Amino acid sequence: MEDKRKAIIIIMASVLIISIAQLLLKYGVGKATKNLMDTSAFGMLSATFSSWQVLLGVALLLVSSTLWLIGLSYAELSFAYPLLGAGYAVIAVLSWLLLGEVIPVIRIIGITVIITGVAMMSRS
């Protein structure tokens, strides 16, 4: 498999994993602090980092970062970095599906422009 194709596959896996990590972090921090009585910085941090969703999210951030580094070994940074833009679409779709977030039309248009740019760039 050529280096560019390897880079795309590995970086897109990194994007998917970091997107899942962000969803876990969002869900975990919301759940951990929902009925929190101790709103001090220590109380917030303690509650947040006692959430398994937050801990798993942090672990997935490390996995994603490792894949990113591997992907960089196969591609130039100027090629690889714009691929991260695909994360905007992944996050929007997963947030809509799993968190019930509303995605306004203007945001959908913006994400479409970003994805079009990522698709064009990946062919260069």
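Residues numbered from 1 in each chain as written. Predicted model: local features only at pLDDT ≥ 70, side-chain atom pairs only at ≥ 80, totals over all residues. Heavy atoms only, no water.

For helix H2 (residues 41-48), the full list of buried residues reads Gly43, Ala47 and Thr48. Angular distribution of buried residues about the axis of H2 spans 125°; they occupy a single face of the element. Along H2, the residues that are exposed and aim more than 90 degrees away from the buried face are Ala41, Phe42 and Leu45. Looking at the packing, one finds that the buried side of H2 touches helix H1 (3-33) and helix H3 (52-72). (Buried < 20%, exposed > 50% of the residue type's maximum accessible area, 1.4 Å probe, protein only. Helix = DSSP H or I, 4+ residues; strand = E, 2+ residues; numbered from the N terminus. Arc of directions from axis to C-beta. Contact = heavy atoms within 4.5 Å.)

A few words now on H1. Between its terminal C-alpha atoms H1 stretches 44 Å, which fits the 45 Å expected from 31 residues at 1.5 Å a residue. All of the buried residues along H1 are Ala7, Ile10, Ile11, Ser14, Val15, Ile17, Ser19, Ala21, Leu23, Leu24, Leu25 and Gly28. Taken together, the buried residues of H1 touch H3, helix H4 (77-80) and helix H5 (86-99). (Expected span 1.5 Å × (residues − 1).)

Residue-level pLDDT values for the protein chain average 90, and 95% of them are 70 or greater. Taken element by element, the predicted model of the protein chain shows its lowest mean pLDDT in H2 (76) and its highest in H3 (96). (pLDDT = per-residue confidence, 0-100.)

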